Amino acid sequence: MTTPLVEAVDVSRRFSRKLDYAEKIARFFGAKLEEKTVHAVDEVDLAVHPGEVVGLVGESGCGKSTLGRVMAGIMPASGGEVRWQGKPLASLEGEEKRAMRLSAQMIFQDPMSTLNPRKRVIDLIGEAPRVHGIVKGREVRDYVASLAERVGLDASYLDRYPHQFSGGQRQRIGIARALAVKPKLLVCDESVAALDVSIQAQILNLFMDLKREFGLTYLFISHDLGVVKHICDRVVVMYLGRVVESATPDELFDNPKHPYTQALIRELPTVADRRRTFTPIKGEIPSPLHPPPGCHFHPRCPKAFDRCRVERPVLKENAAGHVSACHLNDLPVSQATDATAEPAI
């Protein structure tokens, strides 16, 4: 097994809001005010190997985007560590740190909010490679033109501004900007979610073409299981800040082990189910301000038993390359079968 390109080891990320001066005074006089801490990512282990396409899926608010930002080096971890090619990110300095920053790039869901509306395409794509010495100033236009054409943009558009493009074209600009610094890892955060279905297919095909051409590694964050199933080598499922299951797409979709994964896949629309009534998972996702003890999914899980309410399950291997975090893994086969008989909806 090769050394992971990027690896999260026991990584947590918390967002805290401290009381301001007036709130502290109010609390002094008896007001029930407290500092609020959002547990966005909770002790996650995740390794992405060179050339791999890893899909990260889960409900909105489960922490997948935050984890992607932490692994890309955009956001620091509150606990644990992120390793880049085996070295802790916090220990990188000088040229090593600069190289890592360039090697991990992120593509966001809404390109319009991440493209400076005052800059032309040639500046949006060409500024970073020029500043970092990847190309010389006189070579920027040719360099940007070649990247634009590679991602499906006409080179004659280089002097236009972001508002003059469609959503799909702006996403291509974002992809070209990420490629301009010759990265090794692309973290794609819902990068096709805001696009029309036909445009989604074009962008996904582009991602796969670029992977083969440049030897890229992807961490593909999405809530669309259908997309993830077809483009990823491995799928990782998150729930309320924790990884609950990980496997290859075929193994995960054919034999899901965690009740949450089973519920997601059971409600995945297919052509054969055109007349079926789909039922969402019962209950609301708990607040990350006060996550439940034990297994985070137990308040919504019809298979939960006493142990689930007090003890956090750990990831255990069910088959080669297939791990899940569920106490049902520890039950005898007969009891586990009985427990999984009821649908998780």
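Refer to the preceding data block for the structure.
Residues numbered from 1 in each chain as written. Predicted model: local features only at pLDDT ≥ 70, side-chain atom pairs only at ≥ 80, totals over all residues. Heavy atoms only, no water.

Student: So what's going on with the overall build of the protein? Residues and values would help.
Tutor: Check the secondary structure of the protein and you find 12 helices and 12 strands. For the protein, the C-alpha radius of gyration of 22 Å lies close to 20 Å, the compact-globule estimate for 345 residues. For the protein, the spread of C-alpha atoms along the three principal axes comes to 70 × 60 × 40 Å. Per-residue burial for the protein yields a buried fraction of 45% across its 345 residues. The distance from the centre of the 46 positive side-chain charges to the centre of the 43 negative ones in the protein is 4 Å. (Helix = DSSP H or I, 4+ residues; strand = E, 2+ residues; numbered from the N terminus. Rg over C-alpha atoms; globule rule 2.2 N^0.38 Å. Buried < 20%, exposed > 50% of the residue type's maximum accessible area, 1.4 Å probe, protein only. Lys, Arg positive; Asp, Glu negative; His and termini not counted. Charge placed at Lys NZ, Arg CZ, Asp CG, Glu CD.)

Student: Could you give me a rundown of the environment of Val314, with the residues and numbers involved?
Tutor: Topologically, Val314 is positioned in the loop between helix H11 (259-266) and strand E11 (316-319). When the C-alpha positions of Val314 and Asn329 are compared, they lie 9.9 Å apart, and in sequence the two are 15 residues distant. Not counting chain neighbours up to four residues away, the residues in contact with Val314 comprise Ser324, Ala325 and Cys326. (Contact = heavy atoms within 4.5 Å.)

Student: Requested: an account of the sheet that holds strand E4 (residues 79-84), with residues and values cited.
Tutor: Within the open sheet, the 4 strands sit side by side as E2-E1-E4-E5. Their pairing is antiparallel. Sheet topology places strand E2 (36-48) and strand E5 (87-88) at the edges, where each strand pairs with a single neighbour. Pairing between strand E1 (residues 6-17) and E4: 5 bridges, direction antiparallel. If you follow Ala8 over to E4, its bridge partner there is Val82. (Pairing = 2+ DSSP bridges.)

Student: Hey, could you go over helix H2 (residues 64-71) for me, with residue numbers and the actual values?
Tutor: The buried fraction of H2 is high, at 6 of 8 residues. Here H2 has its buried residues at Lys64, Thr66, Leu67, Gly68, Val70 and Met71. Of the residues flanking the end of H2, it is Gly73, one or two places downstream, whose phi is positive at about 85°.

Student: Could you give an account of a nonpolar patch on the surface, naming the residues involved and the relevant values?
Tutor: On the surface, a cluster of nonpolar side chains totalling about 570 Å² of accessible area is made up of Tyr21, Ile25, Phe28 and Phe29. For Phe29, the position within the fold is in the loop between helix H1 (21-28) and E2. (Patch = residues over 30% accessible without salt bridge, like charges linked within 9 Å, V, L, I, M, F, W, Y side chains within 5 Å. Areas by Shrake-Rupley, 256 points an atom, 1.4 Å probe, with all protein chains shown as cover. Salt bridge = Lys/Arg side-chain N within 4 Å of Asp/Glu carboxyl O.)

Student: Break down the packing of aromatic side chains for me, citing the residues and quoting the values.
Tutor: The tally for this structure, following the rule as stated, stands at 7 aromatic pairs. Measuring from ring centre to ring centre gives 5.5 Å for Phe207 and Tyr218, while their planes differ by 65°; the resulting arrangement is edge-to-face. Here Phe207, found in helix H8 (residues 197-214), pairs with Tyr218, found in strand E8 (residues 217-221); they are 11 residues apart in sequence, far enough to count as distant. Assigned by exposure class, Phe207 and Tyr218 land together as buried. Here a set of aromatic residues connected by ring pairs shows up, and it is made of Phe207, Tyr218 and Phe220. (Phe/Tyr/Trp six-rings, centres within 6.5 Å; stacked < 30°, edge-to-face > 60°.)

Student: Tell me about helix H7 (residues 167-179), and please be specific about residues and values.
Tutor: With 13 residues, H7 ought to run about 18 Å at 1.5 Å a step, and its terminal C-alpha atoms sit 19 Å apart, in line with that. For H7, the buried fraction is high: 10 of the 13 residues fall into the buried class. Taken together, the buried positions of H7 are Gly168, Arg170, Gln171, Arg172, Ile173, Gly174, Ile175, Ala176, Ala178 and Leu179. (Expected span 1.5 Å × (residues − 1).)

Student: Lay out the environment of His258 in plain terms, naming residues and giving numbers.
Tutor: By the element assignment, His258 lies in the loop between helix H10 (249-254) and H11. For the pair His258 and Ala325, spaced 67 residues apart in sequence, the C-alpha to C-alpha distance is 7.0 Å. Look past the residues within four positions of His258 in its chain and what remains in contact with it is Val244, Glu245, Cys295, Phe297, Ala325 and Cys326. A polar contact is formed between the side chain of His258 and the backbone nitrogen of Tyr260, at a distance of 3.0 Å. (Polar contact = N/O pair within 3.5 Å; in protein donor to acceptor, adjacent residues only side chain to side chain.)

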